[in-house]
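Residue-level listing of the chains:
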Amino acid sequence: MIEILEVLAETYQKSTREDFVSFINQYPEQLSWHLISDYCFDDLNKQNDTATFSVLLNHDKIPTILDAINSHSPKDLKNTRTINPKFLNYINSKVFFHFTFIFDRKDSFLKDLETDSFAANTVDQFIIHLGNWEKNVPEVKGYVAAVKKRLSLLKNDTKKKSFNRKLFRKMFIISLLSSFLCHELNILSKPKYISWISDRDSIINSFDGVTFDLSFVLMLLFAQDYNNNHIENPVNPPVIKYILPEDGKSNYLDPLIRIPDYLTGTLADLDILKKEFSKDKYYDICFSSLLEAPNHSIIWTSKNKNTLRYSTKRIKVI
């Protein structure tokens, strides 16, 4: 885990951080932000596993934003034949910065996490970190108790033969990436709060939403490491709001997920070697939204077969 974090952080620092800082610096500190995410894993009809996180400034009333999205793009990408240029113009606008991570499926990115021991040890370590945080910030006692309960559900499941190791791997990947991006947003913009709005599937829903908890504990660790190196200018962990629907009901914010959905779906379809897509609509999105876009960082990850070391790089689509 440490290795891939170091590699991702290095690629981000060298290829993306300058663009992200320029984006953030358009706005004053202590505004509110949304992190909107969508994923594509294990789809045999796609070329790649992908995850997109769209950072959106809370620039207008939510109903106004939702109305605009519904008018320009009333359906998800898979159910859309013709791409509305107005929707792409919105995706490209200055209130967004997008991160898409493409994982070389042949490498089974972080497959070494698919072990019972890694999952159990991770939970144990996270419970320890939560306890330390609670000692320093007693007012979080109630929240920490609820997180520990969800983590215990996960740990108990690791003892079962039916434990879904592949699912845990995906949960951890999403937790790792989301926590890294929220930490960067936190130190750069000192936000009032960040709301995380995610596509809902087993990655998010399992174990009563423990993926959110894994992500937050990682944010605590990122903040701790940052403060150890910035004693004179420390940061507190960001205030995160997790937008969840009531049981059995749809999430009224689902239209927002169409934003990363368009990017995830397009880049999951991309044949990296041939620089080709399977459908015209993906070319429309590529040429109108992805090509040379300063507000979109596309990061490719792979593992060297000889050295077994990970590498990442920011890529151009075509």
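Our structure is the block above this text.
Residues numbered from 1 in each chain as written. Predicted model: local features only at pLDDT ≥ 70, side-chain atom pairs only at ≥ 80, totals over all residues. Heavy atoms only, no water.

On to the overall build of the protein chain, then. Each helix and strand counted, the protein chain has ten helices and seven strands in total. Across its three principal directions, the C-alpha atoms of the protein chain cover 55 × 45 × 45 Å. By residue count, 53% of the 318 residues in the protein chain fall in the buried class. Across the protein chain, contacts joining residues at least 24 apart in sequence account for 78% of those joining residues at least 6 apart. When the accessible surface of the protein chain is split by element, carbon and sulfur atoms take 49% of a total near 15600 Å². Across the protein chain, the 41 positively charged side chains and the 39 negatively charged ones have centroids separated by 3 Å. (Helix = DSSP H or I, 4+ residues; strand = E, 2+ residues; numbered from the N terminus. Buried < 20%, exposed > 50% of the residue type's maximum accessible area, 1.4 Å probe, protein only. Contact = heavy atoms within 4.5 Å. Areas by Shrake-Rupley, 256 points an atom, 1.4 Å probe, with all protein chains shown as cover. Lys, Arg positive; Asp, Glu negative; His and termini not counted. Charge placed at Lys NZ, Arg CZ, Asp CG, Glu CD.)

Once that is clear, we can look at the state of the cysteines. Per the counting criterion, the structure on display carries zero disulfides. Not part of a disulfide, Cys 40 finds its nearest cysteine sulfur in Cys 286, a span of 17 Å. (Disulfide = S-S within 2.5 Å.)

Structurally, Ala 268 is set in helix 9 (residues 254-269). Residues within four places of Ala 268 in sequence aside, it is in contact with Cys 40, Lys 46, Gln 47, Asn 48 and Thr 50.

Positive phi, normally seen in glycine, also occurs at Lys 190, with a value near 45°. Topologically, Lys 190 is positioned in the loop between helix 7 (165-189) and strand 4 (193-198). Given the relative accessible area of 32%, Lys 190 is considered partly exposed. The backbone of Phe 207 sits at a positive phi, close to 55°, despite the residue not being glycine.

To continue, consider the packing of helix 7 against helix 8 (residues 202-229). Contact geometry for helix 7 and helix 8: axes closest at 7 Å, N-to-C directions at 40°. When the axis of helix 7 is compared with that of helix 8, the two are oblique. Once helix 7 is placed against helix 8, the crossing between them reads as right-handed. (Axes fitted to C-alpha atoms, helices over the stretch in contact; angles between N-to-C directions. Parallel < 35°, antiparallel > 145°, perpendicular 65-115°, else oblique. Left-handed = near helix turned anticlockwise from the far one by under 90°.)

The residue Lys 170 is located in helix 7 in this model. Among all residues touching Lys 170, those that are not within four sequence positions of it are Phe 41, Asp 42 and Ile 203.

Okay, the pattern of salt bridges next. Taken as a whole and judged by the stated rule, the model has eleven salt bridges. One salt bridge in this structure joins Glu 134 and Lys 148, with 4.0 Å as the shortest N-O distance. In this pair, Glu 134 is assigned in helix 5 (residues 116-136) and Lys 148 in helix 6 (residues 141-158), connecting sequence segments 14 residues apart. You can call Lys 148 partly exposed: its relative accessible area is 26%. (Salt bridge = Lys/Arg side-chain N within 4 Å of Asp/Glu carboxyl O.)

Reading across the sheet, the seven strands line up as 5-4-1-2-3-6-7 and stay open at both edges, with mixed pairing between neighbours. Lying at the two open borders of the sheet, with one neighbouring strand each, are strand 5 (240-242) and strand 7 (310-314). On average, adjacent strands in this sheet sit at an angle of 20° to one another, irrespective of strand direction. Two strands pair when backbone bridges link them, and strand 3 (residues 96-103) and strand 6 (residues 296-303) are joined in this way by six bridges, in the parallel orientation. Counterpart to Thr 100 in the pairing with strand 6 is Ile 298. Along the sheet face, helix 7 touches strand 1 (32-40), strand 2 (49-57), strand 3, strand 4 and strand 5 and points at about 25° away from the line of strand 2. Contacts from helix 9 reach strand 1, strand 2, strand 3, strand 4 and strand 6 within the one sheet, and its direction differs from that of strand 1 by about 40°. (Pairing = 2+ DSSP bridges.)

Of note, Ser 175 is situated in helix 7. Ignoring anything within four residues of it in the chain, the contact list for Ser 175 reads Thr 211, Leu 214, Ser 215 and Leu 218.

With that settled, the discussion passes to the environment of Tyr 242. Relative to the helices and strands, Tyr 242 resides in strand 5. The residues touching Tyr 242, leaving out its near neighbours within four places in the chain, are Trp 196, Phe 212 and Phe 216. Separated by 3.5 Å, the side chain of Tyr 242 and the backbone oxygen of Phe 212 make a polar contact. (Polar contact = N/O pair within 3.5 Å; in protein donor to acceptor, adjacent residues only side chain to side chain.)

To continue, consider helix 3 (residues 62-72). The complete set of buried residues in helix 3 reads Ile 62, Ile 65, Leu 66 and Ile 69. Taken around the axis of helix 3, the buried residues stretch over an arc of 95°, which confines them to a single face. Away from the buried face of helix 3 by more than 90 degrees, exposed residues Pro 63, Asp 67 and Ser 71 are located. Where helix 3 is buried, its residues touch strand 1, helix 4 (85-91) and helix 9. (Arc of directions from axis to C-beta.)

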